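The primary structure of each chain is shown beneath.
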Amino acid sequence: MATGDHREAGQDDPESEDEVYEVVDLTEYARRHQWWSRVFGNNSGPIAEKYSVATQIMMGGVTGWCAGYVFQRIGKIAATAIGGGFLLLQIANHSGYVQVDWKKVEKDVNKAKKHLKKKANKAAPEINTFIEEATDFIKRNIVLSSGFVGGFFLGLAS
């Protein structure tokens, strides 16, 4: 070893076999930490079995408010972008910069509608399964769902 190097043999040496690793047992960790146990516990039933009504309403309300607020902000941005783009297209068309073939646009829109109807009919079983699962979740967790809906509307209004 060089002078000034105070490491012992085997320390910080990737070849050393006597390195000690701490093994963390997540099941023991979950038992010792109550919040972890409540969130990731073995009980996978409805939330109504895990939390009080007040906690469910609060959890639903907070998540609903956040979702509503984000939905409102994204909606405003999307509406502004689409409306602004349409307005610019109309101004450019009126000024003579752009010539729009409206008959072709109408034909393409009708073609897209027919294509979407075909795709929607093929995707119906998957959509129905999703709707059934969502309805079942809402029925099992009605208090949480009610809080979410109320929070969502408050988020949209804020």
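Structural data are supplied above this passage.
Every chain is numbered independently, its residues counted from 1 as its sequence is written. Per-residue local features are limited, in this predicted model, to residues with pLDDT of at least 70; the limit for side-chain atom pairs, both in listing and counting, is 80 or more; totals at the level of whole chains, interfaces and linings are taken over all residues. Here the side-chain values reflect all heavy atoms present in the structure, with hydrogen atoms and water set aside.

J.: Whenever I open this one, a nonpolar patch on the surface confuses me. Can you help?
T.: Patch definition: residues above 30% relative accessible area lacking any salt bridge, with like charges linked at up to 9 Å and the nonpolar side chains Val, Leu, Ile, Met, Phe, Trp and Tyr linked at up to 5 Å. Per-residue and other accessible areas were derived by the Shrake-Rupley procedure at a 1.4 Å probe size, with only the shown protein chains allowed to occlude residues. Just to be clear on terms, a salt bridge is a Lys or Arg side-chain nitrogen sitting within 4 Å of an Asp or Glu carboxyl oxygen. A surface patch of nonpolar side chains, amounting to about 470 Å² of accessible area, comprises Phe71, Phe148, Val149, Phe153 and Leu156. Residue contributions to the nonpolar patch peak at four residues, all from helix 5 (residues 142–157). Only DSSP runs of H or I with at least four residues qualify as helices, and only runs of E with at least two residues qualify as strands; both kinds are numbered from the N terminus onward.

J.: Is there a simple way to think about the pattern of salt bridges in this case?
T.: Between side chains of opposite charge, pairing is possible as soon as their charged atoms come close. Summed over the entire model, instances satisfying the criterion amount to two salt bridges. Among the ionic pairs, Lys104 bridges to Asp108, the shortest N-O distance being 3.6 Å. Of this pair, Lys104 and Asp108 both sit in helix 4 (residues 102–140), four residues apart, which is roughly one turn of the helix. The rule is simple: take the accessible area with a 1.4 Å probe, protein chains only, and divide by the maximum for that residue type; under 20% is buried, over 50% is exposed, in between is partly exposed. Residue Asp108 is classed as partly exposed on the basis of its relative accessible area of 37%. A salt bridge links Asp136 to Arg140; its shortest N-O distance comes to 3.4 Å. Taken together, the residues Asp136 and Arg140, both in helix 4 and four residues apart, mark about one turn of the helix.

J.: In this structure, what is going on with the packing of aromatic side chains? I would like to understand it.
T.: Two numbers describe a pair of aromatic rings. These are the distance of the centres and the angle of the planes. Two aromatic rings from Phe, Tyr or Trp, using only the six-membered ring of Trp, form a pair when their centres are within 6.5 Å; if the ring planes differ by under 30 degrees the pair is stacked, by over 60 it is edge-to-face, and anything between is tilted. Using the criterion set out here, one finds four aromatic pairs in the structure. Pairing Trp65 with Tyr69 gives two aromatic rings, centres 5.1 Å apart and planes at 15 degrees, and the pair type is stacked. Here Trp65 pairs with Tyr69, and both are found in helix 3 (residues 53–95), just four residues apart, close to one helical turn. By relative accessible area, Trp65 is classed as partly exposed at 36%. A ring pair is formed by Phe152 and Phe153, whose centres lie 6.2 Å apart and whose planes are at 65 degrees; its orientation type is edge-to-face. With relative accessibility at 54%, the residue Phe153 sits in the exposed group.

J.: How do you make sense of a positive patch on the surface when you look at a structure like this?
T.: Within this scheme the basic residues Lys and Arg register as positive and the acidic residues Asp and Glu register as negative, but His and the chain ends are omitted. A single reference atom marks each charge: NZ on Lys, CZ on Arg, CG on Asp, CD on Glu. Taken together, Lys114, Lys118, Lys119 and Lys122 make up a surface patch of like positive charges. Its place among the elements puts Lys114 in helix 4.

J.: Is there a simple way to think about the packing of helix 3 against helix 5 in this case?
T.: Where helix 3 meets helix 5, the axes come as close as 6 Å, and the angle between the chain directions of the two elements is 35 degrees. Crossing hand, helix 3 versus helix 5: right-handed. Its residues assigned to classes, the contact of helix 3 with helix 5 shows 13 nonpolar, ten polar and no charged. Every axis corresponds to a line fitted to the C-alpha atoms, with the helix fit spanning only the stretch in contact, and the corresponding angles, defined between N-to-C directions, vary from 0 to 180 degrees. By definition, turning the near helix anticlockwise from the far helix through less than a right angle yields a left-handed crossing, and turning it clockwise yields a right-handed one. Note that Gly is not counted as nonpolar here; it falls among the polar residues with everything else outside the nonpolar set of Ala, Val, Leu, Ile, Met, Phe, Trp, Tyr, Cys and Pro and the charged set of Asp, Glu, Lys and Arg.

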